[in-house]
Amino acid sequence: MTLATGVPPLGPSRKCWRVPEQLSARVPVEQRGSGLDRDAVRLLVSRGTEVSHHSFGELPKLLRAGDLLVVNTSPTLAAAVDGRIGHARVVVHFSTRGDDGRWAVELRDPDGRGTTRARAGGPAGTEVRLPGGGRLVLEEAMSGRLWWARVCAGEVPGLLREHGRPIRYSYTERDQPLSVYQTVFALPSPDGAGSAEMPSAARPFTARLVAELVSRGVQFAPVTLHTGVASAEAHEPPYPERFSVPEASARLINGVRAGDGRVLAVGTTAVRAVESAAGADGVVRARAGWTDLVVTPERGVRVVDGLLTGLHEPEASHLLMLEAVAGRAAIDRGYEEALRRRYLWHEFGDVHLLLPAEDPHTEHCSRNCR
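How each quantity is defined
- Residues numbered from 1 in each chain as written.
- Predicted model: local features only at pLDDT ≥ 70, side-chain atom pairs only at ≥ 80, totals over all residues.
- Heavy atoms only, no water.
- Helix = DSSP H or I, 4+ residues; strand = E, 2+ residues; numbered from the N terminus.
- Contact = heavy atoms within 4.5 Å.
- Polar contact = N/O pair within 3.5 Å; in protein donor to acceptor, adjacent residues only side chain to side chain.
- Core = buried A, V, L, I, M, F, W, Y, C linked by side-chain atoms within 4.5 Å.
- Buried < 20%, exposed > 50% of the residue type's maximum accessible area, 1.4 Å probe, protein only.
- Phe/Tyr/Trp six-rings, centres within 6.5 Å; stacked < 30°, edge-to-face > 60°.
- Lys NZ or Arg CZ within 6 Å of the ring centre and 35° of its normal.
- Pairing = 2+ DSSP bridges.
- Axes fitted to C-alpha atoms, helices over the stretch in contact; angles between N-to-C directions.
- Parallel < 35°, antiparallel > 145°, perpendicular 65-115°, else oblique.
- Left-handed = near helix turned anticlockwise from the far one by under 90°.
- Nonpolar A, V, L, I, M, F, W, Y, C, P; charged D, E, K, R; others polar.
- Salt bridge = Lys/Arg side-chain N within 4 Å of Asp/Glu carboxyl O.

### Quick notes on the environment of arginine 242
Here's step 1: One can find arginine 242 in strand E12 (residues 241-245).
Here's step 2: Between the C-alpha atoms of arginine 242 and leucine 322, which are 80 residues apart in sequence, the distance is 21 Å.
Here's step 3: Setting aside residues up to four positions removed in sequence, arginine 242 forms contacts with Arg97, Asp191, Ala193, Thr224, Leu225, His226, Gly289 and Trp290.
Here's step 4: In this structure the side chain of arginine 242 is engaged in a polar contact, spanning 3.0 Å, whose partner is the side chain of aspartate 191.

### Describing the nonpolar core
Here's step 1: Counting 46 residues, the largest nonpolar core has Val245, Ile253, Val284, Tyr335 and Trp345 as the members making the most contacts within it.
Here's step 2: Elements supplying a minimum of two residues to this core: strand E3 (68-72), strand E11 (219-225), E12, helix H4 (247-258), strand E13 (263-266), helix H5 (268-276), helix H6 (318-326) and helix H7 (328-340).
Here's step 3: When residues in this core are grouped by element, the largest group, five residues, is from H6.
Here's step 4: Among all residues touching valine 284, those that are not within four sequence positions of it are Val245, Ala250, Ile253, Asn254, Val274, Ala277, Ala278 and Val303.
Here's step 5: Within the second largest apolar cluster, 31 residues are counted, among which are Val81, Leu136, Met142 and Leu146.

### Observations regarding the packing of aromatic side chains
Here's step 1: Enumeration over the complete set of coordinates arrives at seven aromatic pairs.
Here's step 2: Aromatic pair tyrosine 169 and tyrosine 171: ring centres 6.3 Å apart, planes at 35 degrees, arrangement tilted.
Here's step 3: Each ring, one from tyrosine 181 and one from phenylalanine 348, has its centre 5.4 Å from the other, and the planes form 50 degrees; the classification is tilted. Taken together, the residues tyrosine 181 in the loop between helix H2 (156-163) and helix H3 (207-215) and phenylalanine 348 in the loop between H7 and strand E16 (351-355) connect sequence positions 167 residues apart. In this pair, the class of tyrosine 181 matches that of phenylalanine 348, namely buried.
Here's step 4: A cation over an aromatic ring shows up here: arginine 42 above the ring of tyrosine 343, its NZ or CZ 4.2 Å from the ring centre.

### So, unusual backbone geometry
Here's step 1: Phi at arginine 342 takes a positive value of approximately 60 degrees, unusual for a residue other than glycine.
Here's step 2: Following the sequence through the fold, arginine 342 ends up in the loop between H7 and E16.
Here's step 3: Its relative accessible area of 45% is what places arginine 342 among the partly exposed residues.
Here's step 4: If you check the backbone angles, histidine 346 has positive phi at about 80 degrees while not being a glycine.
Here's step 5: Here histidine 346 falls in the buried class, since its relative accessible area comes to 17%.

### Quick look at the pairing of E13
Here's step 1: Taking every second residue as pointing to the same face, both faces of E13 are buried, with Val263 and Ala265 on one and Leu264 and Val266 on the other.
Here's step 2: The sheet contact formed by E3 and E13 spans three bridges and is parallel. If you follow valine 70 over to E13, its bridge partner there is alanine 265.
Here's step 3: Bridge count for E13 against strand E15 (residues 306-310) is three bridges, and the pairing is parallel. Looking at the pairing, leucine 264 lines up with glycine 306 of E15.

### Observations concerning the packing of H5 against H6
Here's step 1: Remark: H5 packs on H6, axes separated minimally by 11 Å, with the N-to-C direction vectors making an angle of 65 degrees. Of the possible angle classes, the one that applies to H5 and H6 is roughly perpendicular. Judged by the twist between their axes, the crossing of H5 over H6 is left-handed. Each of Thr268, Val271 and Arg272 in H5 lies in contact with H6, whose residues at this interface are His318, Met321 and Leu322.
Here's step 2: For the contact of H5 with H6, the residue count by class is three nonpolar, two polar and one charged.

### Examining the side chain of histidine 54
Here's step 1: Checked against the element boundaries, histidine 54 lands in strand E2 (residues 50-55).
Here's step 2: At 2.8 Å, the side chain of histidine 54 forms a polar contact with the side chain of serine 52.
Here's step 3: Reaching out from histidine 54, the side chain makes a polar contact with the side chain of glutamate 58 at a distance of 3.4 Å.
Here's step 4: Discounting chain neighbours no more than four positions away, the residues touching histidine 54 are Arg42, Leu43, Val45, Leu62 and Tyr343.

### Some details on the pattern of salt bridges
Here's step 1: Counting across every chain of the model gives 29 salt bridges.
Here's step 2: The partner of glutamate 212 in a salt bridge is arginine 216, and the shortest N-O contact between them spans 3.4 Å.
Here's step 3: Note that aspartate 281 and arginine 285 form a salt bridge whose closest N and O atoms lie 3.0 Å from each other.
Here's step 4: What you see here is one network of salt bridges that share partners, running through Asp100, Arg102, Glu139, Glu140 and Arg150.

Okay, structure coming up:
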């Protein structure tokens, strides 16, 4: 299962900017100073091409009663495990659990600095010795770097609990405990499934902030999408992932869409899940299974009015989804401001809230025509 074609290339202007290395968030915000919590990151707000700058703690004041936040409850796995091929050390990134019990995995080479670098995959039949006496055998290529593999002697969830650690990329400063990579919305899965990498747009939420949002009339609709690996070396379209939209959340989303509220997704994973459960009529129905949906400007969105997301690199396919939600001009303007104001990128970085552009007439009437 791979999606290597059918996604339009990013526009030429995207090639004209790069994220300076010093704008990579190397540690979580709460480790950057005394008394800071997760919500101390900055929040860039785009309403069309209008941009404003805030702290994430101001989010309750930027939303309104009746708005609905769609959140991903997938837990983050300790998905990186050391192994050996012959005498060579490798690191296995466990990405996605298949219905047949196999896992999509990526093999990487340790770089001597506590992180990893890309490694050529395969061939089929390659055997990796794992901690605790387990073995992993590559069986079938899934993409250029991902393989379907079977683990012999032991279950993967137990292996990850005992020997795994969170996937870490070279822009980070040091290893972090798994708790740093869990969001406030994460729930354990009965089968041990989860996300290889944190659904990071939700990381700045704290229990206190969620309580304040609820007290102001903002609602939450939980969905699940188990996201796979997305290494910094390859900006590829997303491949099929497991998702679930429960009946209660579908009813809640449809009710908000029928009223005056806005449906705002927390993260690109939440967009992919809810849009995968929407029919051509825009009605969301309870669904669970695999989705191969790629949200592009050509496809558009049927449900989501806005999006809270991290900042993405210029080649990332996620930018096509952002354009589908807010339009190319809004994304270009927002990223111009993010670079100018030196916002921080990646999973420990700052966040971007894309809201619908306000209609001045509607806004005037809402204030004066009651």
